[in-house]
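In case you want the letters, here they are:
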Amino acid sequence: MNFKHPEVLYFLFLLVIPILVHLFQLRRFKKEYFTNVQFLKELSIQTRKSSTIKKWLLLLSRLLLLTFLILAFAQPFFVAKESKKYTNEMYIILDNSYSLQAKGKKGELLKRAIQDLLEHTPEAQNFSLITNSNSYWNTDIKAIQKDLQDLKYSASPFRLDNLIAKVNARKSAFNKDIIVITDAVGLETNQTKSFKKEDNVYFIIPEAEQKNNIAIDSVYIQQTLDSFYEIGIKLSANGDDFNDIPIALYNKNKLVAKTLINFETNTKTINFTIPKEDFHGYVSVSDKGLAYDNTYYFSISKPSLTNIFSIGDAEKSKYLARIYTNDEFNYNNFPIANLDYNLLEKQDAIVLNELKDIPQALQTTLKSFVTKGGNLIIIPAQESNVSNLNTFMANFGPLQFKTASQSDKKVTKINFNHPLFSSVFEKRIDNFQYPSTKTAFGLNSATPSILSYDDQSPFLTSLPNDLSSVYVFAAPINKTNSNFQNSPLIVPTFYNMAQSSRKTGVNALIIGEDQPFLVDALLSKDEILTVKNNAESFIPVQQLLNTKVKMTFNESPSEAGNFSIFNGANLEKNISFNYNRTESNLALANPDAANKFKEIDDIETVFNTIQTDRTDTQIWKWFVILALLFLALEVLIQKFVK
């Protein structure tokens, strides 16, 4: 027990006063005997004993009365068990990712959490609030009431370690109270390791009642026909009992197609056929789960001619002209001696077709070409020098040529999962007309092979980057060395290696992913591109690359949708943005990751717990009550004890 005013305890010396008074009243008298009162002797002794008891009781009551009164003025208290944490700073981490769109017992999880904060956070409590998308430092509940009420869901998935890093970056002389409000979807144990040992951490983990959910994961071109695209729509179902789910396809908000789907497995792909022209719309499903992943926005541009040329002997390049036809490609071949370097930057893809030597000037130009988004296809010549090839390949990534060997080798394995063949095969093929080569270089590459020999060594591999790819063959494919030109594989392989996704593919970026995007646009130094739709407009980070513009969107836009890229009033290209689907599976909630921390049901309990654990127990009122009781006891003794 401690005292707020311990100096008052010196007044306990006053207890000597009633003791002295009592002793004075109990002084001894000399006895004198009178014969005529002898008969009262027995009564006199009995009365004297009663008087002595009464005086002792009064002394005791007065001593206790005075003692408790002095102790009450000293204000005694018991120290709180967490009194040392009284100066802690408070931080509230609020998960506002889309998984909190799920409904709990009292409605949407995020809206319920916000309402609890508004109702139960003490007005005098100073704290900092950190969400996936916003931070409010050193504030109080009244100051951010409007911001909380208007808080929107964040396109960024919940990453506890990233938010803790923001908290830890705030330097302070005090320890921290950290309240984490999350449904624990995607929460991992290693993310909680970012907490400091001295942090006082509370977890509030609301649980969704309805965990069944359907998500549209992606849209891609399944097959390209003469006048149509067959697009594939990949969906995933988390939960069970998904029957007769409506799915609809819209182009510029106009309904194009609609059907019902059933899920026999957790994933399903459904196909739609659309005209081979500009498409700027979305596909949507209706379910009772999360709403944010029920719509997938995408854009497809009407095909334009792909610029491609090959560098090499004209005779050896004739087969390329049969693949790159005039209806889809603008193809030309140039011998190395007649190469116009000014044309390189205008191409979408370049084929180095069995060049014995690659001049240094061409190497430098091709390095810049790949960096700016052009695809490069390298076919070595039998006479190529391994050392020179490796020097050239060092510009693009970790791939090394080994000495050529002369032996017949068959190409027997296709990597069906490689993006190059994503829309080529309807089913896996184990038996096909195996092409072969007579002389081949060894390839040492860390990337997966696209086509492989029967000894598992690569025949064709690639070095991808953010904007383009470098494709590398292990052997010359002229008719003298190989029959690959007669294989059915040659057409889809070279066709897809030359294609540019920005001209022929689906444009559907994920918000928050730093994926560069190229736009064919010739801008002056003062011109910039703007991305906008009816609800939002922003200027992304952009870099001029000759006839192209490299754009990086970072966290923009704030909401998914169909957008357009403008140069002033001129439309350059359509583009679409979607939310990351990592929050779609509510079964991935992992509350066990927070096991070693205090898990509390609601925010009100957190504040009450902190208040109780850190508030000293004041007991001076009890001493006042005891003093009054003994005062009353003294009165009763005076009145009723004879």
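Every value quoted in this text rests on a predicted model; they were computed, and no experiment measured them.

(A) Summary view of the overall build of the protein chain. Helix and strand content of the protein chain: twelve helices and 36 strands. In the protein chain, buried positions account for 46% of the 642 residues. Within the structure as shown, the protein chain displays about 34,300 Å² of accessible surface, and the carbon and sulfur contribution to it stands at 51%.

(B) Examining the packing of aromatic side chains more closely. Applying the stated criterion across every chain, the model contains 30 aromatic pairs. Consider the rings of Phe401 and Phe441, whose centres lie 5.8 Å apart with planes at 90 degrees: the pair is edge-to-face. In this pair, Phe401 sits in strand β21 (residues 399–414) while Phe441 sits in strand β22 (residues 436–445), placing the two residues 40 residues apart along the sequence. We note that Phe401, like Phe441, is buried. A centroid spacing of 5.0 Å and a plane angle of 80 degrees characterise the contact between Phe553 and Phe577, whose relative ring orientation is edge-to-face.

(C) Structural detail: the sheet that holds strand β8 (residues 176–181). Taken together, the six strands give an open sheet; going across it, the order is β7-β6-β3-β8-β9-β35, and neighbouring strands pair in mixed fashion. In the strand order of this sheet, the two ends are held by β7 (135–139) and β35 (598–599), each with one partner. Taken strand by strand, helix α3 (residues 109–120) contacts β3 (89–94) and β8, and its axis lies near 160 degrees from that of β3. Along the sheet face, helix α5 (residues 160–168) touches β3, β6 (127–131), β7, β8 and β9 (200–204) and points at about 155 degrees away from the line of β3.

(D) Geometry of α3. The end-to-end C-alpha distance of α3 is 16 Å, a good match for the 16 Å that twelve residues give at a rise of 1.5 Å each. The set of residues buried in α3 consists of Leu109, Leu110, Ala113, Ile114, Asp116 and Leu117. Considered in projection along α3, the buried side chains sweep an arc of 160 degrees and stay on one side of the axis.

(E) Representation of the nonpolar core in the model. One finds Leu94, Ile179, Val531, Phe553, Ile575 and Phe577 to be the most contacted residues of the largest nonpolar core, which totals 52 residues. Counting residues per element, this core draws most heavily on α3, at five residues. If sequence neighbours within four positions are ignored, Val531 has contacts with Glu536, Ser537, Phe538, Pro540, Met551, Phe553, Phe563, Ser564, Ile565, Ile575 and Phe577. In terms of nonpolar packing, the next biggest core, distinct from the first, is built from 33 residues, Phe421, Tyr453, Ile477 and Met497 among them.

(F) Summary view of unusual backbone geometry. A cis amide bond links Ser556 to the next residue, Pro557, at an omega of -5 degrees. Non-glycine residue Asn554 carries a positive phi angle of around 55 degrees. In this fold, Asn554 is placed in the loop between β32 (548–552) and β33 (561–567). According to the relative accessible area criterion, Asn554 is partly exposed, its value standing at 34%.

(G) Main features of a nonpolar patch on the surface. Together, Phe11, Leu14, Ile17 and Val21 give the surface a local cluster of nonpolar side chains, amounting to about 360 Å² of exposed area. Assignment of secondary structure puts Ile17 in helix α1 (residues 16–25).

(H) Focus on the pattern of salt bridges. Applying the stated criterion across every chain, the model contains eleven salt bridges. Of the charged contacts, one joins Asp116 and Arg112 as a salt bridge, the two residues approaching to 3.0 Å between their closest N and O atoms. Taken together, the positions of Asp116 and Arg112, both in helix α3 and four residues apart, correspond to about one turn of that helix. According to the relative accessible area criterion, Asp116 is buried, its value standing at 17%. Measuring nitrogen to oxygen at the nearest pair gives 3.2 Å for the salt bridge that ties Lys318 to Glu315.

(I) Quick look at the environment of Gln101. Relative to the helices and strands, Gln101 is located in the loop between β3 and β4 (103–104). Residue Gln101 is classed as buried on the basis of its relative accessible area, which comes to 15%. The sequence separation of Gln101 and Ala208 amounts to 107 residues, and the corresponding C-alpha distance is 9.1 Å. Apart from residues no more than four positions distant in its own chain, Gln101 is found in contact with Glu108, Tyr153, Leu290, Ala291 and Tyr292. Within the structure, the side chain of Gln101 is placed 3.0 Å from the backbone nitrogen of Ala291, a separation counted as a polar contact.

(J) Spotlight on the side chain of Glu230. In this structure, Glu230 sits in strand β11 (residues 228–238). Lys276 is the oppositely charged side chain nearest to the buried, salt-bridge-free Glu230, at an N-O distance of 13 Å. Among residues more than four places away in sequence, those in contact with Glu230 are Tyr220, Ile221, Gln222, Gln223, Asn271, Phe272 and Thr273.

(K) Examining α5 more closely. Of all the positions in α5, only Leu160, Asp161, Leu163, Ile164, Val167 and Asn168 are classed as buried. All buried residues of α5 lie within an arc of 160 degrees about the axis, which places them on one face of the element. In this structure, the buried side of α5 is in contact with β3, β6, β8 and β9.

(L) Quick look at the pairing of β9. For β9, the buried fraction is high: five of the five residues fall into the buried class. With five bridges connecting them, β8 and β9 associate as parallel partners. From the neighbouring strand, Ile178 faces β9, where its bridge partner is Val201.

(M) Representation of the pairing of β6 in the model. A large share of β6 lies buried, amounting to five of its five residues. Because side chains alternate across β6, one face comprises the buried residues Phe127, Leu129 and Thr131, and the other comprises Ser128 and Ile130, equally buried. Across five bridges, the pairing between β3 and β6 is parallel. Bridge assignment links Met90 to a residue of β6, and that residue is Phe127. Hairpin connection, β6 to β7: the antiparallel pair is bridged by three residues.

(N) The arrangement of the environment of Ala394 in detail. Structurally, Ala394 can be placed in the loop between α8 (386–393) and β21. Accessibility expressed as a relative area gives 55% for Ala394, which makes it exposed. The spatial distance from the C-alpha of Ala394 to the C-alpha of Lys367 is 9.9 Å, given a sequence separation of 27 residues.

Scoring rules and cut-offs
Sequence order sets the numbering: in each chain, residues are counted from 1 along the sequence as written. It should be noted that, the model being predicted, local features are given only for residues of pLDDT at least 70 and side-chain atom pairs only at 80 or more, the latter also being counted only at that level, while totals for whole chains, interfaces and linings use all residues. Side-chain numbers come from the whole structure's heavy atoms, not from hydrogens or water. The helix and strand labels rest on DSSP assignments: H or I over at least four residues marks a helix, E over at least two residues marks a strand, and numbering proceeds from the N terminus. The rule is simple: take the accessible area with a 1.4 Å probe, protein chains only, and divide by the maximum for that residue type; under 20% is buried, over 50% is exposed, in between is partly exposed. Accessible areas in this description were obtained via Shrake-Rupley with a 1.4 Å probe; residue shielding takes into account the shown protein chains only. Here is the rule: rings of Phe, Tyr and Trp (six-membered ring for Trp) pair when centre to centre is within 6.5 Å. Planes less than 30 degrees apart are stacked, more than 60 are edge-to-face, and the remainder are tilted. The rule for pairing is simple: two strands pair if DSSP sees at least two bridges between them. Contacts were defined at the residue level, with two residues in contact if any of their heavy atoms lie within 4.5 Å. Axis lines are fitted through C-alpha atoms, for helices just across the contact stretch, and the angle between N-to-C directions can take any value from 0 to 180 degrees. Every helix has an expected span of 1.5 Å times one less than the residues it contains. Arc definition: directions from the helix axis to the C-beta atoms. For the purposes of this section, nonpolar cores are sets of buried Ala, Val, Leu, Ile, Met, Phe, Trp, Tyr and Cys residues that join through side-chain atoms within 4.5 Å. Patch building starts from residues that exceed 30% relative accessible area and form no salt bridge, then joins like charges within 9 Å and nonpolar side chains (Val, Leu, Ile, Met, Phe, Trp, Tyr) within 5 Å. Salt bridge, as used here, is a side-chain nitrogen of Lys or Arg placed within 4 Å of a carboxyl oxygen of Asp or Glu. Whenever a nitrogen or oxygen atom comes within 3.5 Å of another N or O atom, the pair is scored as a polar contact, on the condition that within protein one atom can donate a hydrogen and the other can accept it, and that pairs from neighbouring residues in sequence are kept only if both atoms are in side chains. Counting rule for charge: Lys and Arg are taken as positive, Asp and Glu as negative, and neither His nor the chain ends is counted.

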